[in-house]
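# What the coordinates show
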Amino acid sequence: MKKRITTGFLGLAIFLGAMLAFFPAGTSQAATDFSKVRVKLTNGTPSSQTITVNGSYTIAQSPGTKVVAGSNTISNAGGTLSITTGGKKYSIGSTITLVNADFNGQKNTIKATGHRGTNSYLGNMEFVANGSKINAYSIVNMEHYIHGVLLHEMDNGWSVEALKAQAVASRSFVCEHMSRGVSLTDTTTHQVYGGYNP
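The shown structure was predicted, so the numbers you read here are calculated from the model rather than taken from an experiment.

Regarding its fold elements, the protein chain presents three helices and 13 strands. Sorting the 198 residues of the protein chain into buried and exposed places 42% on the buried side.

Listed below in structure tokens is the structure:
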């Protein structure tokens with residue numbers, strides 16, 4: 001019983017310490033939307049990326065274009081991105097955002113390559129031209145982001161209290177960075193994020 005109480009106080013102390021460190025007195029957080037997290041997938045920024053779509057997605061920049069499930073290719077030609085889906089190639093522009101019809105759910109995923117290899121990602125996926133290369137971003141709700149961090153920042157054999165403390169610290173970390181406009185990556189530079197792999 002005493003060990004449980006000590007662990008609980010330790011978790012609370014970590015939480016309060018993280019909050020004080022990340023949100024000093026007088027800091028206002030009201031202007032930042034913390035419901036969605038945008039994370040750059042570090043994959044060497046190739047000029048062409050093949051992804052696997054599972055579920056229903058559309059293209060934000062071309063609302064009438066539906067993304068066909070299965071293998072799709074995003075390519076960059078002179079700073080203009082195109083997507084090849086269902087055997088047809090669509091030239092879109094400097095950004096392609098694949099919008100998940102079930103953003104907060106867990107049934108639609110995009111399999112893409114990030115820091116931790118090829119993983120499934122929930123939420124939306126954004127591709128941005130970077131010269132002749134392509135940067136890929138996972139845009140996901142906060143809870144799914146924390147899930148994707150905990151699996152890679154800690155061993156699942158650790159105690160539930162340790163996992164809870166890490167979840168609080170991870171959420172505080174990402175909120176503090178987002179409030180400053182920092183672009184997050186999926187590496188140890190920020191927090192290791194490996195998408196959704198149940």
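Our next topic: the pairing of strand E4 (residues 62-67). Here three bridges tie strand E3 (residues 57-59) to E4, and the two strands are oriented antiparallel to one another. Of the residues in E4, the one forming a bridge with Thr58 is Lys66. Here E3 folds back onto E4 in antiparallel fashion, the turn holding two residues.

Another aspect to go through is the environment of Gln191. By the element assignment, Gln191 lies in the segment after strand E13 (184-185). Note on Gln191: relative accessible area 5%, which makes it buried. Placed 43 residues apart in sequence, Gln191 and Gly148 show a C-alpha to C-alpha distance of 9.7 Å. Not counting the four nearest positions on each side in its chain, Gln191 is found in contact with Tyr145, Val149, Glu153, Gln166, Ser170, Phe173, Val174, Thr185 and Asp186. A polar contact is formed between the side chain of Gln191 and the side chain of Tyr145, at a distance of 3.3 Å.

Another aspect to go through is the nonpolar core. Soluble, globular proteins show a tendency: their nonpolar side chains are buried together. Ranked by internal contacts, the top residues of the largest apolar core, which has 35 residues, are Val37, Leu98, Phe127, Tyr145 and Val174. Not counting chain neighbours up to four residues away, the residues in contact with Val174 comprise Val37, Met142, Tyr145, Leu184 and Gln191.

A few words on the packing of aromatic side chains. On inspection of all chains with the given rule, the structure shows two aromatic pairs. Consider the rings of Tyr121 and Tyr193, whose centres lie 5.9 Å apart with planes at 50°: the pair is tilted. Of the two residues, Tyr121 is situated in strand E10 (residues 117-121) and Tyr193 in the segment after E13; the sequence distance between them amounts to 72 residues. Accessibility assignment for this pair places Tyr121 and Tyr193 in one class, buried. Between Tyr145 and Tyr193, the ring centres sit 5.1 Å apart and the planes meet at 35°, which makes this aromatic pair tilted. With Tyr145 in helix H2 (residues 142-153) and Tyr193 in the segment after E13, this residue pair connects regions lying 48 residues apart in the sequence. Judged by relative accessible area, which is 1%, Tyr193 ranks as buried. The side chain of Lys36 reaches across the aromatic face of Phe103, ending 4.9 Å from its centre. Taking the ring centre of Tyr137 as reference, the NZ or CZ of Arg38 above it sits at 3.7 Å.

Definitions and limits used
Residues numbered from 1 in each chain as written. Predicted model: local features only at pLDDT ≥ 70, side-chain atom pairs only at ≥ 80, totals over all residues. Heavy atoms only, no water. Helix = DSSP H or I, 4+ residues; strand = E, 2+ residues; numbered from the N terminus. Buried < 20%, exposed > 50% of the residue type's maximum accessible area, 1.4 Å probe, protein only. Pairing = 2+ DSSP bridges. Contact = heavy atoms within 4.5 Å. Polar contact = N/O pair within 3.5 Å; in protein donor to acceptor, adjacent residues only side chain to side chain. Core = buried A, V, L, I, M, F, W, Y, C linked by side-chain atoms within 4.5 Å. Phe/Tyr/Trp six-rings, centres within 6.5 Å; stacked < 30°, edge-to-face > 60°. Lys NZ or Arg CZ within 6 Å of the ring centre and 35° of its normal.

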